[in-house]
Amino acid sequence: AIAANMAPWLGIWMLVASLSGSFALFLGTTTAYTRSLWSMGRPDVLGCQAYLPQQLGKLWRRYNTPWVAILVYALSTTFLMSFSFGILVQMDVFMKNVTLLYEIAALIYFKYRQPDRPRPFAVPFKIIGVWVMMIPKMFIVVTAMLFTDWRVWIVAVVFYGSITSAYFIRDFIQARGICLPSEQVILATPQEIESVLEHADLAAEFITDDFLAFRDDSDSDSDSDSDSE
């Protein structure tokens, strides 16, 4: 509006720039989320280990686009657009709180089942320290969730119930040696494998040369210190 008041042509250019930026943001978001769904639907060579239904890992033969993941993402977005902005904000916070509860449960579970497992960081005072740190956090999270709109609860129960059920069904199927067929799933082309190996060799060579140079500098500094003494 300010640009249009200054000059009509400037307002038009600002409108075009805003639309272009919004469209670019939409494309980037769609690409990121659909590729995440696609990657979680990709099985290994045996057709197992897919975290989500393998249909999400299908690609369009002509352009190699994850068309199933794009369709699921579009339908999910369309469904969420039926809610108000306030409900969407509550839904976002609610989902993050549920994820946080999953993380807390995993921490407590592994502290009991694998207390002596090597970790890069350990909570002080072992399991007592974990409970002291987690109880206030769980109280705040659960209290916030209790005051959430009932529609958010329904969506969350359906969403997390479906994901959790799919996870246990996957484990049940794989425990019996049954793997679902992986049609139209491209794991990696020979060109991709060759490119990855080439970059890995270059990275290893660079790290090795850098380490040798650092070691030579350290040795020379040590020799200089010895000579000075």
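### Describing the overall build of the protein
So, point 1. Across its full length, the protein carries seven helices and zero strands.
So, point 2. Taking all 229 residues of the protein together, 20% fall into the buried category.
So, point 3. For the protein, the share of sequence-separated contacts (at least 6 apart) that also reach a separation of at least 24 residues comes to 60%.
So, point 4. When the accessible surface of the protein is totalled, it reaches about 17,500 Å², and 69% of it is carbon and sulfur.

### What to know about a nonpolar patch on the surface
So, point 1. On the surface, W60, Y63, W67, L71 and L75 cluster together into a nonpolar patch covering about 570 Å² of accessible area.
So, point 2. By secondary structure assignment, the location of W67 is in helix 3 (residues 67-80).
So, point 3. Among the residues examined, W67 registers a relative accessible area of 41% and is labelled partly exposed.

### Description of the confidence of the model for the protein
So, point 1. Averaged over every residue, the pLDDT of the protein is 75; residues scoring 70 or more account for 67%.
So, point 2. When mean pLDDT is taken per element in the protein, helix 5 (residues 126-146) scores highest with 89 and helix 7 (residues 190-228) scores lowest with 54.
So, point 3. Segment residues 180-187: pLDDT under 50, and 25 contacts once partners within four positions in sequence are set aside and those in other chains are kept.

### Points about the pattern of salt bridges
So, point 1. All told, the structure shown has two salt bridges when counted by the stated rule.
So, point 2. For K96, the salt bridge is made with D92, and the minimal N-O distance between the two is 3.4 Å. Placement of both K96 and D92 in helix 4 (residues 85-113) is noted, with a separation of four residues, approximately one turn of the helix.
So, point 3. Its salt-bridge partner being R151, residue D149 comes within 3.0 Å of it at the nearest N-O pair.
So, point 4. Owing to a relative accessible area of 19%, D149 belongs among the buried residues under this scheme.

### Some points on the nonpolar core
So, point 1. Listed in full, the 12 residues of the largest apolar core are F83, I87, M91, F94, M95, V98, V141, M145, V152, V155, A156 and Y160.
So, point 2. At the level of secondary structure, the elements contributing two or more residues to this core comprise helix 4, helix 5 and helix 6 (150-175).
So, point 3. Examining the composition of this core, we find that five residues originate from one element, helix 4, more than from any other.
So, point 4. Grouped together as the second largest cluster of nonpolar side chains are eight residues, L37, L59, V68 and Y73 included.

Rules used throughout
Residues numbered from 1 in each chain as written. Predicted model: local features only at pLDDT ≥ 70, side-chain atom pairs only at ≥ 80, totals over all residues. Heavy atoms only, no water. Helix = DSSP H or I, 4+ residues; strand = E, 2+ residues; numbered from the N terminus. Buried < 20%, exposed > 50% of the residue type's maximum accessible area, 1.4 Å probe, protein only. Contact = heavy atoms within 4.5 Å. Areas by Shrake-Rupley, 256 points an atom, 1.4 Å probe, with all protein chains shown as cover. Patch = residues over 30% accessible without salt bridge, like charges linked within 9 Å, V, L, I, M, F, W, Y side chains within 5 Å. Salt bridge = Lys/Arg side-chain N within 4 Å of Asp/Glu carboxyl O. pLDDT = per-residue confidence, 0-100. Core = buried A, V, L, I, M, F, W, Y, C linked by side-chain atoms within 4.5 Å.

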